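Summary of the model geometry
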Amino acid sequence: ARTVLDRRFYERQGVLFTKTYPFIGSETDVSGLIGRNRTRDYLYLDKPAADFVGSIRGFDIQLYAVNRQTTEVLVSPAITGKYIDRDTPALYSFGQLSPSAMTFQKITTPHFGDRKRNLGKGFDQERVTDISRRRAAEMCAALDVDTPLDLKRVAGDYTREVMGEFVWGRDAMALEVSYKHPDGHVSKVPFMFALNETFTGLRFYSNRFWNRVHFPIATWPVTREARRLQHNIRSLQEHLATVLKGGPGPGTVWEQVAAGNTKLGIPVEITRDDLLTASIAGLDTVQNTILATLWYVLSPENLKWREAIATSTGEAKDEVVEACVSESLRLSPPGSVINNMVVDDLDMEVEGRRYLLKRGTRVMPNIHALHADYGAAWEPERFLHIEKGAEPYVMPFGKGRRSCPGRNLGMVMAKNFVSEFVTAHPDAQIGNAQDKDIIFNNLSHAQFIAVLGPAAAQGFAGSCPVPH
Ligand code: HEM
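Residues numbered from 1 in each chain as written. Predicted model: local features only at pLDDT ≥ 70, side-chain atom pairs only at ≥ 80, totals over all residues.

We apply this condition: UniProt positions are given in the numbering used here, feature names are shortened, and annotations may be inferred rather than shown by experiment.
In the annotation of an unreviewed UniProt entry, the protein is listed under the name Cytochrome P450 and assigned to Herbidospora galbida. UniProt, in the comment section headed Cofactor (unreviewed entry), describes the protein in these words: "heme".

Below, the structure is given as structure tokens:
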């Protein structure tokens, strides 16, 4: 009843709602999108001009800001952290791994700013550049040119190894933990592998229909998969409790964050959770950024961009690759739903139009809607040689006080892999171009088969070897 009344309350203020059903809200339509590798925020797309589009998520009203003016109000420092703050269903998903990590906490949580700063201090740009450049070069040189390549797996291995070494150091990332595999058997596997698999597993599990209708169901041990995930969460947390008693590797994010947090008397569980978040936040996001960019760059119609990357050097190369990655982040932002909630009744104004947002309403900028203003064509030139102030209005990393502290790291990692791959394999072809719904984001099942070497030069006529 509250949901229905709230919906009427917002409709009277001019908010347009997507189709919703009693009890299950908009989830039927969301399922249709997910089947086509799109995320829930595509729901707004056919709506006429508006400041907000509404939908029902769980038992809450969720309002999407779908234009720049409304977004600017929501992310302004006067509002973020005071009237609107983090309250995310992700807490029932991968948040089970690190519930006290900053990404699930409100800005008003004690030491929030200190923790974000300490993490920022650990994010040494030069170090991540060295690690990612070395690993990208090694991996791209070792790729098998005789058989079609599962690029999703390669990009996943790359991001996991780079993030593992960067956050924990080589020794700690290679330590083994007990891990329950999908077939139920338990064995010892490297820590970063168990972490990556559990993180991705939790995200996909929480995205099942009923877990989207009532988020806490995702944490109930009612299915074999839920029990397996819980087992692995416990195992990872116990492992880290022991690891954190030891000494951090020199130069690691672990060293910086532990030193800064300890000085402020921040409990070790919080340090553990912030480090866990730092280890996983750049896995699927960077993997999908790489896949989206390479898909566009290797598409035959974008040959000039592939040639520009392969033949340029130094700063010019960096600029071209950066433009290609930025444009791919515009069209395929990996995580496009920022989950915030109104924490105190908010009376706001967008160009003279007044809205009263009630406490408990979910509200967020719709990254896709903002990015879609620039059209559906992949055109990296829009990010090349732009004058200050004329940049496209994009926000794949969020905006304002809650925005992504790993933005530069993510860009460096993605750019180094794309650059290395295209330079080492300028003739690479896409092997599964005939597949439907190829869109890469954190919840996509799309595959990417690449063909290198002589088979690529002859044109690839085989079918996709990876089961869909
Ligand atoms: C291409 C890669 C990445 C993308 C697209 C991305 C995107 C995002 C987005 C959209 C948010 C939410 C921002 C908001 O609420 O306004 C976020 C938050 C966050 N990201 Fe990233 N991210 C990426 C890489 C990384 C990396 C590499 C790290 C760390 C190593 C990282 C750490 C975080 C953290 C800790 C937060 C939470 C910040 C807060 O709650 O205040 N991200 N990211």
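1. Structural notes on the sheet that holds strand E12 (residues 429-430)
Put simply, the test is: Two strands form a pair only when DSSP identifies at least two bridges running between them. Numbered from the N terminus, helices here are DSSP runs of H or I no shorter than four residues, and strands are runs of E no shorter than two.
If you walk across this open sheet you meet the three strands as E5-E13-E12, and the pairing is antiparallel. At either margin of the open sheet sits one strand with a lone partner, and together these are strand E5 (149-150) and E12. Relative to strand E13 (residues 449-451), E5 runs antiparallel, the two sharing two bridges. The partner of Asp-150 across the bridge, within E13, is Ile-449.

2. With respect to the packing of helix H13 (residues 284-298) against helix H17 (residues 407-424)
The condition that has to hold: Helix axes are fitted to C-alpha atoms over the stretch in contact, other axes to C-alpha atoms as well, and angles between N-to-C directions run from 0 to 180 degrees. The labels follow the angle: roughly parallel below 35 degrees, roughly antiparallel above 145, roughly perpendicular from 65 to 115, and oblique for the rest. Note: crossing handedness is left-handed where the near helix turns anticlockwise from the far helix by less than a right angle, and right-handed where it turns clockwise. The contact criterion used here is simple: two residues whose C-beta atoms, placed from the backbone, lie within 7 Å are in contact.
Running from N to C, H13 and H17 point in directions that differ by 40°, and their axes come no closer than 9 Å. Comparing their axes, H17 and H13 come out oblique. In this structure, H13 crosses over H17, and the sense of that crossing is right-handed. Contact residues: Thr-285, Val-286, Thr-289, Ile-290, Thr-293, Leu-294 and Val-297 in H13; Gly-410, Met-413, Ala-414, Phe-417, Val-418, Phe-421 and Val-422 in H17.

3. Here's the deal with the UniProt feature "binding site: heme" (unreviewed entry) in the protein
On the UniProt side, "binding site: heme" (unreviewed entry) is annotated at positions that read Cys-404 here. Mapped onto the elements of the fold, Cys-404 is located in the loop between helix H16 (367-372) and H17. If we skip the residues at most four places from it in the chain, Cys-404 touches Phe-397 and Gly-398.

4. Some details on unusual backbone geometry
In plain terms, the rule: Partly exposed residues are those whose C-beta has more than 12 but fewer than 20 other C-beta atoms within 10 Å; with 20 or more the residue is buried, with 12 or fewer it is exposed, and the C-beta atoms are placed from the backbone.
Here the phi dihedral of Asn-37 falls at roughly 65°; this positive angle occurs in a residue that is not glycine. Here Asn-37 is to be found in the loop between helix H2 (27-35) and strand E2 (52-57). Judged by C-beta crowding, with 18 C-beta atoms within 10 Å, Asn-37 ranks as partly exposed. Even without glycine at this site, Glu-351 takes up a positive phi of about 45°. Inspection of the secondary structure assignment puts Glu-351 in the loop between strand E9 (346-350) and strand E10 (353-357).

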